[in-house]
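Analysis of the macromolecular model
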Amino acid sequence: MLFHYHLWTPFVEETERFYQQLGFQVTQRIGRYEGAFTSFDPPLDWDDFREQPILFRIIEMKRGAINMTFGYGKKVMFDHIGFLVTEADRLQILGRAEAVGLTVQANERRTFIQTPFGFRIELQTHPDAVQSETGDQLLQLDIATSTPGLEKLLSQLLDRPVPEITTIVAERMHFRQAVFSGTPTLPGQDPNGLEVRTVSPLALISGRVRDENL
C-alpha cells in the first residue's frame, strides 16, 4: 500500500499549516537546536519555539493511512515515497531490487531502495507508521522524471501493476500531484508546489482518479 512521501523544504512552518488544514495531525517534530537533536512534539506548537534557530530534521504528520514527512532544506526537494508491506513482501522486493542492480539500505525500522530516477523507495513493515490502515489513503502520486521507465521498474519490484504512481517525462524530477481519499475538496497547491486534492474512494476506476468526481 502506498502510504507516504517525504520532502525537504525551506517552508517548514507553512507546510505543516497547510496539511493541518487538510486534517493531518503532527505526531513528531525533531530538530537540531544548540548542537543537539531535540524533540518539539505536540502539545508544543510554533508559538512555543518559532523564534529559536531550529533546523528541523523531520516533522511527521498522519491522517488515516497516510503519512507525510518533511524537514528543512535550502530548496524544495522530494526525497522518497513509501509502501507499507509485510515482512515477506519486503524480502521478496529486496531480492528483485538486488537482481536489477539497485542499491539497498536497511535498518531495523526502515528499508530504502535507491532508484535511478532521483528519489528513493521506502519499504515499511511497522503498522504504527499510520494511524489506521483502513482510514483515508494516499490514492495516487503523479511524479515527473527526467527519463522514462519508473512505472515499469515499480511493477518489477512489487510484482504487480502500480496504478498508484503515474508519471510524465520532464526536465527535472519532482512530485506533481498527490490524491487522498476522503471528503472531496478542490485542488490546491501546498507551499512546495505539489498539487493536493481529496476525492471519494468511489472516484477510482481501474486505479485511476476521475476528475469529474471532485
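Comments concerning the environment of L157
By the element assignment, L157 lies in helix α4 (residues 150–158). Residue L157 is classed as buried on the basis of its relative accessible area of 3%. When the C-alpha atoms of L157 and I93 are compared, they prove to be 5.4 Å apart, with 64 residues separating the residues in sequence. In this structure L157 touches I93, R96, A97, L102 and I121, once residues within four positions along its chain are discounted.

A short note on the sheet that holds strand β13 (residues 188–189)
Within a beta sheet, neighbouring strands are joined by backbone hydrogen bonds and run either parallel or antiparallel to one another. Spatial strand order, β11-β10-β12-β14-β13: five strands in an open sheet with mixed pairing. Edge positions in the sheet fall to β11 (165–169) and β13, since each has one partner strand and no second. Summarising the sheet, strand β10 (residues 138–145) and β11 pair through five bridges and their orientation is parallel. Pairing of L141 across the sheet is with I165, part of β11. Relative to the sheet, α4 contacts β10 and β11, its axis offset from that of β11 by approximately 150 degrees.

Some thoughts on the pairing of β10
The buried fraction of β10 is high, at eight of eight residues. Of the pairings in the sheet, the one linking β10 to strand β12 (residues 174–181) comprises six bridges and is antiparallel in character. Note that in β12 the partner of L138 across the bridge is F180. Between the parallel pair β10 and β11, the chain is carried across by α4, and the sense of this crossover is right-handed.

Details of the side chain of H80
Within the fold, H80 resides in strand β6 (residues 77–84). The exposure class assigned to H80 is buried, which follows from its relative accessible area of 2%. A polar side-chain atom of H80 sits 3.0 Å from a polar atom in the side chain of H4. When residues no more than four places from it in sequence are discounted, the contact partners of H80 are H4, Y5, H6, R110, F112, R120, I121, E122 and F175.

So, the confidence of the model for the protein chain
In the predicted model, the protein chain carries a mean pLDDT of 91, and the fraction of residues at 70 or more is 93%. Here residues 210–214 is a poorly scored stretch, pLDDT under 50, and it has 10 contacts once near neighbours within four places are set aside; other chains count.

Brief notes about the environment of F37
With respect to the helices, strands and loops of the structure, F37 is situated in strand β3 (residues 36–39). In this structure the C-alpha to C-alpha distance between F37 and R57, which are 20 residues apart in sequence, comes to 8.4 Å. Ignoring any residue separated from it by four or fewer positions in sequence, one finds F37 in contact with I30, G31, R32 and R57.

Details of the sheet that holds strand β1 (residues 2–9)
Read across the open sheet, the nine strands follow the order β3-β2-β4-β5-β1-β6-β9-β8-β7; overall the sheet is mixed. At either margin of the open sheet sits one strand with a lone partner, and together these are β3 and β7 (104–106). Strand-to-strand twist in this sheet, taken as the mean axis angle between neighbours without regard to direction, amounts to 20 degrees. Bridge count between β6 and strand β9 (residues 120–124): five bridges; the pairing is parallel. Counterpart to H80 in the pairing with β9 is R120. Relative to the sheet, helix α3 (residues 87–99) contacts β7, β8 (111–114) and β9, its axis offset from that of β8 by approximately 25 degrees.

Definitions and limits used
Here the residue numbering is sequential within each chain, running from 1 through the sequence in written order. The predicted origin of the model limits local features to residues at a pLDDT of at least 70 and limits the giving and counting of side-chain atom pairs to 80 or more, whereas totals for whole chains, interfaces and linings rest on all residues. Each side-chain value is worked out from all heavy atoms of the structure, with water and hydrogens disregarded. What counts as a helix is a DSSP run of H or I of at least four residues, what counts as a strand is a run of E of at least two, and both are numbered from the N terminus. Here the term buried applies to any residue with accessible area under 20% of the maximum for its type, exposed to any over 50%, and partly exposed to those in between, with areas from a 1.4 Å probe on protein chains only. It only takes one pair of heavy atoms within 4.5 Å for two residues to be counted as in contact. A pair of strands is considered paired only if DSSP assigns at least 2 bridges between the two. Here an axis means a line fitted to C-alpha atoms, over the contact stretch when the element is a helix, while the angle between two N-to-C directions is reported on a 0 to 180 degree scale. The crossover handedness rule: strands pointing away from the viewer, path from first strand over the helix to second strand clockwise, crossover right-handed. Each polar contact in these results corresponds to two N or O atoms within 3.5 Å; when the atoms are within protein, one needs to be able to donate a hydrogen and the other to accept it, and residues that are neighboring in sequence are counted only if both atoms are side-chain atoms. pLDDT expresses how confident the predictor is about each individual residue, on a scale running from 0 to 100.

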